[in-house]
Amino acid sequence: MTENELIWRIAGGSGDGIDSTSQNFTKALMRAGLHVFTHRHYPSRIRGGHTYVEVRARGEPVQSRGDGYNFLLSLGDSFARNPQDDAYYGTEEVKPLTENLEDLNEGGIVVYDSGLLDEEDLPEDFDERAEANDWHVYPLDLRSIAKEHGREVMRNTAGVGATAALLDIDLRYFKELMAESMPEDVYETNVDVLEDAHGRVAEMDHDHDVSVPTGDHETEQVLLSASNAITYGALDEGCRFIAGYPMTPWTEVFTLMSQHLPEFGGVAEQVEDEIAAASLALGASHAGVKSMSGSSGGGFALMSEPLGLAEITETPVVLVEAARAGPSTGMPTKPEQGDLEHVLYTSQGDSNRVVFAPGNVAEAYEQTRKAFELAYDYHIPAIVMYDQKLSGELRNVDTDFFDREPNPDPGATLTEDELSEAAHHASGKFQRYQHDTPAGASPRSIPGQRGGRFLASGNEHTPEGHISEDPDNRVAQMNRRMEKLDSIEQDLAENASHQSRRGDEDATYGIMTFGSQQGTVEEAAEEIEAFLESVDECLVVEMNASAQFKGLVQRELGRFGPRMSSLLKYNGNPFEPAEIVEGFEATINGTEFERPTARFQPAAGD
Amino acid sequence: MSAFNAIDTDREIEQEEFTPEIEPQATWCPGCGDFGVLKALKGAATELGLDPEEILLVTGIGCSGKLSSYFESYGFHSIHGRSLPVARAAKLANPELTVLAAGGDGDGYGIGGNHFMHTARENHDMTYIVFNNEIFGLTKGQTSPTSPKGHKSKTQPQGSAKDPLRPLSMSLSAGASYVARTAAVNPNQAKEILVEAIQHDGFSHVDFLTQCPTWNKDAKQYVPYIDIQQNDEYDFDVTERREAAEAMYETESALWEGKVLTGRYYQEDGRRTYHEEKMQQDSMPESPIAEQYFDDDHEWKRSYDLLDAHR
Ligand SMILES: Cc1ncc(C[n+]2csc(CCOP(=O)(O)OP(=O)(O)O)c2C)c(N)n1
Ligand code: SF4
Ligand SMILES: [Mg+2]
């Protein structure tokens, strides 16, 4: 893979501007015609607060972070504490270098800031490892270059200049991007730093094989994360209310919505807790505004009761669940898909909801729009589940993809004119919850409308919403609400299923996955095609310990247990394609799965 | 043209319009104070000329939560403790609605206490009626946050070891801009207070003493009562925060001694309501968001226009 791709990793202290530097680097490669994909490793204090971002670029579309990486720009951690050897967090200053060596591929490049790390700071075996792996090491005094022209923080720019020199990337793209985002004087000093670093490195001997592939985009590209896409999907579908409480990684969607809603004529509310957040979303939706809320693990758990209230009162709402490694506070900055069953079934009684698990940026946009459409057409809560992996990775998408009409349609909601024709109780109360309706949803009215008054109740209720425990009414209301799921299934089958399938129609081996792991699995599948032999088996790939997705499939289909083996990863890091390849070999060849990072679980009966 | 024509109608409103034909008779126990709230509310709504369809009444769970079954309007019988967050969002969605929330002392001061504090603080323009019977009624008489210290119940066989909380003081310090206490046994004052509370621009909190003859057998009938505005002994200015705080403290302490004080305690005028505050800082549109969906001429922005940041 190395010959036609670049995987560049920039590492430093959290707060060292790694995010914005990597984002501009990614945009530069995108503007140069490449397909890009970023993987963001979140800082966590336990590891000493250092962070990295990996940028993968190819001439072809990129689906995953790839295996390992081939260029390390290590900036050092300027927020490092505890330099003593026996500190709990270890020597933080060298971590952005030492902790990243493990994944660096053979023949890779290392650029580190010798202005921060002297040779004696390096681990003893560093030279030995470099030689064994044929790494090409460039100690560069990035700090001094930066200080010579401007301020020390511009060492990131110096690092980018050095990268460009080593990989022969045109500086034009970086200059353009800096010009767009910086005031003129800052821009000029940065250009000096960029060019100086570039010039010095260009003069050095280059004996490495790492290069930037070439590519060309037919249409203009934009760079986004799934958090951006969920936000844009919601806005385009007419969502004008959000309530939330911060929790990683959901905070990103909440923040973006809060920033955009006022200019879109809506309202965003940060409230006292997640029970309130979900309840507010119901209140606003009940009063006629397309609404959403969301959270991550623990916060979503608090939403269980309002979620059930939405199901029985048939209040449309979209909830976003940004999963992270649990249980409890778990690993807040690490991705995992262990919340699947939680999201599907939490709250008392029979679950009555739709759950989407988009696999990439484009799907996040499409499926968020679809979630609103279904929620308002069928009066049902719709949940978009994603995770830290999707929210943190940036990908390029055709700009044209977003060139669509907004859809403010409030779904199965009546106007006052329609209400005057609708079924009412003799007393004039509107029959909001009729027993028989074509698709399961009984059209609603909105408070303030003439002729629409009714009672919404968390208790089982009559067509007018009054509390009732009559057995016949109960069965009619339950059946109608459950019928929505059949109608939605049919709706999805006829329109867009939102399921993606790749590969040969009559393939004998399959890999099945959901949500954020989709791209990685697709990439692994390309490599696996070579192995195919005629055995009917399927590997289910998911990021949790109890094979929840496999369990769901088995439960819903009632068979196929003996055909499905599982590959489970729950160490806090997303899959890499090579792990899936090895898991697949274990499935078909019965070979031992030996990686400590994931667990293979062979197929068993139903 | 509004899509919500029940709002601000000029129609004559009859008190009977607030009685739902589906459940004209409440099923509360004979002698229950909750009847007093229902009657006072119907009276207040009639006096204010409100159309049942311009009111959204959001209730919690408890005997008190059944209010929405017996009062004809748009209603939302929500879940235990959560009437306020549902109600205040409805007000933001459509500030032209008259929004009322109601529930028990357990519902509002216990399980929903966090929402009470924050809704008061934010000064949402709505009225919150707490049926304070100093007991959990629906679940058969357990001790509530307002039950007196020493109160015995099946779950506190030795008697409550906790001091009851002070709902009026709590409301004031949280930020409510209208605070009153009334009692079911005082129907005229109750109606007048509800009229004022609904008219008040901002968060109005009415602590409504409602006797529960079934479970609170310590004979809490809340008689005789004293209306502090009618009694020279309690002369204070309801617009003065410190004086109000003192009167509240005295009233709460007196109740524990069996002396029932009622009336208006605090009224802050001229403070912007929450939605006005948001409009003022341009974080909420001036006209109801709910109207946008029915307005064919509304211009819907789209995300395509935000893409510059991503190029
Ligand atoms: C989450 C939750 N916990 C507990 C209950 C059970 N429950 C219903 S009403 C109630 C207390 C009622 O007391 P109060 O709020 O004072 O209302 P009252 O019946 O006295 O009017 C309880 C504990 C519930 N419905 N939901
Ligand atoms: S139990 Fe008490 S509060 Fe409930 S209806 Fe009976 S008297 Fe009223
Ligand atoms: Mg009570």
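These numbers come from a predicted model, not from an experiment. (Residues numbered from 1 in each chain as written. Chains lettered and ligands numbered in written order. Predicted model: local features only at pLDDT ≥ 70, side-chain atom pairs only at ≥ 80, totals over all residues. Heavy atoms only, no water.)

Draft legend 1. Summary view of the confidence of the model for chain A. When pLDDT is averaged along chain A, the result is 91, and 94% of the positions lie at 70 or above. Below a pLDDT of 50 lies the segment residues 530–535 of chain A, which in the model reaches 11 contacts outside its immediate sequence neighbourhood of four places, other chains included. (pLDDT = per-residue confidence, 0-100. Contact = heavy atoms within 4.5 Å.)

Draft legend 2. Broad picture of the site of ligand 1. Surrounding ligand 1, one finds 17 residues, the nearest of these being Cys63(B), Ser64(B), Asp105(B), Asp107(B) and Gly137(B). Of the chains in the model, those with residues near ligand 1 are chains A and B. One of the side-chain nitrogen or oxygen atoms of Ser64(B) is found 2.8 Å away from an oxygen atom of ligand 1. Separating an oxygen atom of ligand 1 from a side-chain N or O atom of Asn133(B) is a distance of 3.0 Å. Relative to its free-state accessible area of 580 Å², ligand 1 is covered by the protein chains to the extent of 78%. No other element matches helix H4 (residues 105–111) of chain B, which puts 4 residues into the shell around ligand 1. Split into classes, the residues belonging to the shell around ligand 1 amount to 6 nonpolar, 8 polar and 3 charged. (Near = heavy atom within 4 Å. Polar contact = N/O pair within 3.5 Å; in protein donor to acceptor, adjacent residues only side chain to side chain. Areas by Shrake-Rupley, 256 points an atom, 1.4 Å probe, with all protein chains shown as cover. Helix = DSSP H or I, 4+ residues; strand = E, 2+ residues; numbered from the N terminus. Nonpolar A, V, L, I, M, F, W, Y, C, P; charged D, E, K, R; others polar.)

Draft legend 3. Spatial organisation of the site of ligand 2. Near ligand 2, the surroundings consist of Trp28(B), Cys29(B), Cys32(B), Cys63(B), Asn133(B), Cys212(B), Pro213(B), Thr214(B) and Trp215(B). Partitioned by chemical class, the residues of the shell around ligand 2 number 7 nonpolar, 2 polar and no charged.

Draft legend 4. Fine view of the coordination of the magnesium ion (ligand 3). Residue and element names in this part refer to chain B. For the magnesium ion (ligand 3), every protein donor is listed as Asp105 (OD), Asn133 (OD1) and Ile135 (O), and the spread of their distances is 2.0 to 2.2 Å. Spacing between the donor residues of the magnesium ion (ligand 3) along their common chain follows D-x27-N-x1-I. Of this pair, aspartate 105 sits in helix H4 while isoleucine 135 is found in the loop between strand E4 (126–132) and helix H6 (167–174), placing the two residues 30 residues apart along the sequence. When its relative accessible area of 2% is taken as the criterion, aspartate 105 is described as buried. The exposure class of isoleucine 135 is buried, given its relative accessible area of 2%. (Donors = N, O, S within 2.8 Å, 3.2 Å for Na, K, Ca; no water. Buried < 20%, exposed > 50% of the residue type's maximum accessible area, 1.4 Å probe, protein only.)

Draft legend 5. Molecular detail of the sheet that holds strand E8 (residues 241–244) of chain A. All names here are of chain A. An order of E9-E8-E10-E11-E13-E12 is seen for the 6 strands of this open sheet, with the pairing classed as parallel. Across the chains shown, the open sheet's two edge strands, defined by having one partner strand only, are strand E9 (267–270) and strand E12 (354–356). Going from strand to strand, the sheet's axes swing by 20 degrees on average, the running direction of each strand aside. Along the sheet, helix H10 (residues 274–286) makes contact with E8, E9, strand E10 (291–295) and strand E11 (317–323), crossing E10 at roughly 165 degrees. (Pairing = 2+ DSSP bridges. Axes fitted to C-alpha atoms, helices over the stretch in contact; angles between N-to-C directions.)

Draft legend 6. The domain arrangement of chain A, seen in detail. Residues and elements named next belong to chain A. Structurally, chain A comprises domain 1 (5–202), domain 2 (223–402), domain 3 (416–494) and domain 4 (509–601). Here domain 2 and domain 3 have C-alpha centroids that lie 25 Å from each other. With 22 residues of domain 2 at the interface, the matching set in domain 3 holds 27 residues. In total, about 1900 Å² of surface goes out of reach between domain 2 and domain 3, with carbon and sulfur atoms giving 60% of it. On the domain 2 side of the contact with domain 3, Ile312, Glu314 and Tyr378 bury the most area, a combined 34% of that side's loss. Here domain 2 is connected to domain 3 by 3 salt bridges. In this structure, lysine 484 engages glutamate 314 in a salt bridge whose closest nitrogen and oxygen atoms are separated by 2.7 Å. Between domain 2 and domain 3 we count 11 residue pairs in polar contact (both at pLDDT 80 or more) in total. Elements that contribute at least two residues to the side of domain 2 that touches domain 3 include exactly H10, helix H12 (304–313) and helix H14 (361–378). Here the side of domain 2 that touches domain 3 takes 5 residues from H14, the largest share from any one element. (Domains from an automatic or database assignment. Buried area = accessible area lost by both parts, 1.4 Å probe. Salt bridge = Lys/Arg side-chain N within 4 Å of Asp/Glu carboxyl O.)

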